[in-house]
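Coordinate analysis (summary)
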Amino acid sequence: MGDASGERTLLAALYDPLDPDRGDLDAYVRVAEEFGARRVLDIGCGTGVFALLLADRGIEVVGVDPSEPSLDVARGKPGGERVRWIHGDATVLPELEVDLATMTANVAQEIADPKDWQETLRRAYGALRPGGRLVFETRDPARRAWEEWNREDSHGVTEVPGVGVAESWVHVTDLSLPLVTFRWTYVLAADGASAADDRVLTSDSTLRFRERAEVAEDLLAQGFVIDDVRDAPDRPGREFVFVARRPHTP
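Structural notes, computed from the coordinates. (Residues numbered from 1 in each chain as written. Predicted model: local features only at pLDDT ≥ 70, side-chain atom pairs only at ≥ 80, totals over all residues. Heavy atoms only, no water.)

The subject of this paragraph is the overall build of the chain. For the chain, the count of helices and strands is 8 helices and 11 strands. Here the C-alpha atoms of the chain give a radius of gyration of 19 Å, agreeing with the 18 Å that 2.2 N^0.38 yields for 250 residues. Along the first, second and third principal axes, the C-alpha atoms of the chain reach 65 × 40 × 30 Å. Excluding contacts between residues fewer than 6 apart, the proportion of contacts in the chain whose partners are at least 24 apart in sequence is 59%. For the chain, the accessible surface area stands at approximately 12,200 Å², while carbon and sulfur atoms represent 49% of it. (Helix = DSSP H or I, 4+ residues; strand = E, 2+ residues; numbered from the N terminus. Rg over C-alpha atoms; globule rule 2.2 N^0.38 Å. Contact = heavy atoms within 4.5 Å. Areas by Shrake-Rupley, 256 points an atom, 1.4 Å probe, with all protein chains shown as cover.)

Here it is in C-alpha cells:
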C-alpha cells in the first residue's frame, strides 16, 4: 500500500476527477449573491472548489480544512493564491468578521462528535459579523441515504489524468444510528500488468445523521437565529439546508 502520507496525497488528487459534477455548489453561490456576501468562510473547504468559485467572483474567501493534502491541491489550482487557506478545523481560526460561513456537502455531518460540533458552531458564530449568516446542509435521516451506499449503486470506472484508470465504489461498514461509517475503495489499474499489480486504496468516513429539531436546538444553543430551513435544489426532499444568522444584539 505504500506510506500513509503518500496515500493521502493520492486520494486528495483523486477527489475532483472522481466527483467532477459539483452542481450542488451552485446553490451556495446563489446564497452568497442573495446575502451580498463580500467575505466568506468556507469550513471544510477540501480541494477548494467552492472557495475558488467565490474568489473568481471577487469575494474574499478564507478556506479551512484538516487535510493538508487537500489544501495542497487547492493551493495549486488556478487562482489558488486569491484564497487564504488554513490547515485545521474551526478551532484554529484567527479573528475574522465574515458575512457568510458555509459547510457544503458532507462537512456538517462529518463533524460527528457532539462536542466538536458544538465548538464548530460556536467558532462559526464568532467568525461572523453581526447579521452574518451560517449556511449548511445535512441529510434528512428519514430518507435513509445509506441504503444506496453499496457497490451495485456506486461502482464506477474513470480515466484520471496523470493516474490512469480508477475503479471506485462505496459500501457501509457500520450502521449504528445516528452514526453511519462507510468505506470508499479505489483500484488503480497498473499499466500492462496483471490485476494482482493493481493498487488498492481505501478511505473511511463516518457521518452523523441529525434530526431537523436536533440541529435547530444546537444552533439556538450557540446564539443563532434560524432564518430558514430550505430544500436542497439538487436533491429535493432529501436534505435540510439551514440558514442561521448571528443577531445584531445578543
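Back to the text.
Our next topic: the sheet that holds strand 8 (residues 179-188). One open sheet holds the 4 strands; their spatial order is 6-7-8-9, and the pairing between them is antiparallel. Lying at the two open borders of the sheet, with one neighbouring strand each, are strand 6 (156-160) and strand 9 (199-208). This sheet shows a mean twist of 25° between the axes of neighbouring strands, independent of strand direction. Pairing between strand 7 (residues 164-176) and strand 8: 10 bridges, direction antiparallel. Opposite His171, over in strand 8, you have Arg183 as the bridge partner. (Pairing = 2+ DSSP bridges. Axes fitted to C-alpha atoms, helices over the stretch in contact; angles between N-to-C directions.)

Let us now look at the sheet that holds strand 1 (residues 39-43). One open sheet holds the 7 strands; their spatial order is 3-2-1-4-5-11-10, and the pairing between them is mixed. At either end of the open sheet lies a strand with only one pairing partner, and these are strand 3 (84-87) and strand 10 (225-230). Looking at each pair of strands side by side, their axes are set apart by 15° on average, direction ignored. With 7 bridges joining them, strand 5 (residues 128-139) and strand 11 (residues 239-245) adopt antiparallel strand pairing.

Attention shifts here to the packing of aromatic side chains. Throughout the structure, instances matching the rule amount to 9 aromatic pairs. When the centroid spacing of 5.1 Å and the interplanar angle of 85° are considered together, the rings of Tyr125 and Phe224 count as edge-to-face. Pair noted here: Tyr125 is in helix 6 (residues 114-127) and Phe224 is in the loop between helix 8 (212-221) and strand 10, with a separation of 99 residues, a long-range link. Among the residues examined, Tyr125 registers a relative accessible area of 16% and is labelled buried. (Phe/Tyr/Trp six-rings, centres within 6.5 Å; stacked < 30°, edge-to-face > 60°. Buried < 20%, exposed > 50% of the residue type's maximum accessible area, 1.4 Å probe, protein only.)

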